[in-house]
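Each chain is listed here by its residues.
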Amino acid sequence: MDAAVLKKVALFEGLTQGQLAKVARIAQPRTHVAGDYLFREGDAGQDMFILADGKVRISKSVPGIGEEALAILEPGQYFGEMAVIEDSPRSADAIAHTSCTVWVIERAKLDQLMFTDKDLAYVLLWTFVRTLSERLRETNDKIKAFFAISRF
């Protein structure tokens with residue numbers, strides 16, 4: 001993976017060129033056709049993804065309603081990062097909305113990289129915290145809107 005591409009991804013903006021090169025070395029490309037599941041809710045997660053090309057839909061299955069799209073991701077966005085932070089099942093589905101290419105970063109490789117480069121770990125972990133906080137806030141807003149609508 002090209003380190004210059006990584007620099008455009010919000011998660012990696014604070015990294016040096018050397019650190020970006022280290023991350024690029026552990027990322028592996030994977031392609032999917034439209035409709036492919038990159039992962040399903042409940043799956044064990046061991047890696048995160050950076051969307052290089054195409055679109056990916058993050059969704060949940062709502063009993064009695066069906067699929068509820070939470071987000072349509074564009075190139076440069078990342079997802080699945082909870083799997084590299086904690087050892088819990090996937091919290092949603094990730095589906096190729098169009099044919100797409102993603103760069104996959106395995107938890108074990110990222111753990112090793114963060115263990116050997118503490119400055120890199122510091123930047124990534126704080127960015128993870130901000131990302132998760134932002135996504136939690138968005139989810140709370142969606143829940144509020146849903147309850148407001150359901151009263152009618």
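Under an unreviewed UniProt entry, the name given to the chain is Cyclic nucleotide-binding domain-containing protein, and the source organism is Corallococcus macrosporus.

A. The arrangement of the pattern of salt bridges in detail. Under the criterion given, the structure shown has 8 salt bridges. Between Asp87 and Arg107 there is a salt bridge; the shortest N-O distance is 3.5 Å. With Asp87 in the loop between α3 (82-85) and β7 (93-96) and Arg107 in helix α4 (residues 107-116), this residue pair connects regions lying 20 residues apart in the sequence. Taking relative accessible area as the criterion, Arg107 reaches 13% and is therefore assigned buried.

B. Geometry of the UniProt feature "domain: Cyclic nucleotide-binding" (unreviewed entry) in the chain. UniProt records the feature "domain: Cyclic nucleotide-binding" (unreviewed entry) at residues 11-131, using the numbering of this structure. Structurally, residues 11-131 comprises 31% helix and 36% strand, and the distance from its first C-alpha atom to its last is 8 Å.

C. A look at the side chain of Thr131. Tracing the chain through its elements places Thr131 in helix α5 (residues 118-150). The contacts of Thr131, once residues within four sequence positions are left out, are Tyr78 and Glu81.

D. Highlighting the sheet that holds strand β1 (residues 27-32). A sheet is described by the order of its strands in space; here 4 strands give the open sequence β1-β8-β3-β6, paired in antiparallel fashion. Of all strands in the sheet, those with a lone pairing partner are β1 and β6 (78-79), marking the two edges. Summarising the sheet, strand β3 (residues 47-53) and β6 pair through 2 bridges and their orientation is antiparallel. For Phe49, the partnering residue across the bridge sits in β6 and is Phe79. Helix-sheet contacts for helix α2 (residues 17-26) involve β1 and β8 (100-106), and the interaxial angle to β1 is about 50°.

Rules behind the numbers
- Residues numbered from 1 in each chain as written.
- Predicted model: local features only at pLDDT ≥ 70, side-chain atom pairs only at ≥ 80, totals over all residues.
- Heavy atoms only, no water.
- Salt bridge = Lys/Arg side-chain N within 4 Å of Asp/Glu carboxyl O.
- Helix = DSSP H or I, 4+ residues; strand = E, 2+ residues; numbered from the N terminus.
- Buried < 20%, exposed > 50% of the residue type's maximum accessible area, 1.4 Å probe, protein only.
- UniProt positions renumbered as here; feature names shortened; annotations may be inferred.
- Contact = heavy atoms within 4.5 Å.
- Pairing = 2+ DSSP bridges.
- Axes fitted to C-alpha atoms, helices over the stretch in contact; angles between N-to-C directions.

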